[in-house]
Amino acid sequence: MHIDIPEGQEPIGYVWGDMVPGIGPAAANFSLSVYEHTTLGLREFEAARLRIAQINGCLFCLDWRTEREGRKVEEEFAEAVTQWRTTDAFDDRTRLAAEYAERYALDHHGLDEEFWARMTASYSQREIVELSMSIGSWLAFGRLNHVLGLDAVCVLPGH
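Keep in mind the model is a prediction, meaning the values are calculated, not measured.

### As for a nonpolar patch on the surface
Piece 1. On the surface, Met 19, Val 20 and Ile 23 cluster together into a nonpolar patch covering about 270 Å² of accessible area.
Piece 2. In this structure, Val 20 sits in the loop between helix H1 (11-19) and helix H2 (24-36).
Piece 3. A relative accessible area of 37% places Val 20 in the partly exposed class.

### Some remarks on the side chain of Ser 132
Piece 1. Structurally, Ser 132 can be placed in helix H8 (residues 125-147).
Piece 2. Of the polar contacts made by the side chain of Ser 132, one reaches the side chain of Tyr 100; its length is 2.5 Å.
Piece 3. With residues near it in sequence (within four places) discarded, Ser 132 still touches Tyr 100 and Tyr 104.

### Considering the environment of Ser 132
Piece 1. Judged by relative accessible area, which is 17%, Ser 132 ranks as buried.
Piece 2. Each C-alpha atom, one on Ser 132 and one on Gly 149, is 25 Å from the other, the two residues being 17 residues apart in sequence.

### Some words on the pattern of salt bridges
Piece 1. Tallied over the full model, the rule gives 10 salt bridges.
Piece 2. Note that Glu 44 and Arg 93 form a salt bridge whose closest N and O atoms lie 2.6 Å from each other. Taken together, the positions of Glu 44 in helix H3 (residues 42-56) and Arg 93 in helix H6 (residues 92-106) put the pair 49 residues apart, joining distant regions of the chain.
Piece 3. Judged by its relative accessible area of 8%, Glu 44 falls in the buried class.
Piece 4. Residue Arg 49 pairs with Glu 46 through a salt bridge whose shortest N-O separation is 2.6 Å. Taken together, the residues span about one helical turn, with Arg 49 and Glu 46 both in helix H3 at a distance of 3 residues. Glu 46 matches Arg 49 in its accessibility class, with the two residues each being buried.
Piece 5. Look at the salt bridges and you will find they share partners, linking Glu 99, Arg 103, Asp 112, Glu 114 and Arg 118 into a network.

Here is what the cut-offs are and how they apply
- Residues numbered from 1 in each chain as written.
- Predicted model: local features only at pLDDT ≥ 70, side-chain atom pairs only at ≥ 80, totals over all residues.
- Heavy atoms only, no water.
- Patch = residues over 30% accessible without salt bridge, like charges linked within 9 Å, V, L, I, M, F, W, Y side chains within 5 Å.
- Areas by Shrake-Rupley, 256 points an atom, 1.4 Å probe, with all protein chains shown as cover.
- Salt bridge = Lys/Arg side-chain N within 4 Å of Asp/Glu carboxyl O.
- Helix = DSSP H or I, 4+ residues; strand = E, 2+ residues; numbered from the N terminus.
- Buried < 20%, exposed > 50% of the residue type's maximum accessible area, 1.4 Å probe, protein only.
- Polar contact = N/O pair within 3.5 Å; in protein donor to acceptor, adjacent residues only side chain to side chain.
- Contact = heavy atoms within 4.5 Å.

Right under this line is the structure:
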């Protein structure tokens, strides 16, 4: 870990709450809102989330699986995300979610008209904004946790 945590303090709570009280709680609320208020399907949500986790290298995010109504994606799903271009495990929306996450993180200047034509054919404007905000959250906060060395001790509240 690259941040000094006072003895007896829980690292995530301290960094995300106590250290920067004007920013940390707001960031945590945004991060949790992505899970609590999503309208995206579980598979497309997890395809984008896991692709960002793979890019960020966040240990907790790589291990985490979002659960909805007692359901999670299958065990093989994470491997399929790494093979999003060729896997037969994904429908078009799920594949596009993984592609968007990768390009958002690694080549956002390369999101061309051909890509946007495919996005708007598969996703509503609202879904595109929601997916964009979700990807932004995972990219920023997963990367923050990994860079600071918090990802090995990260636990989401309520989980």
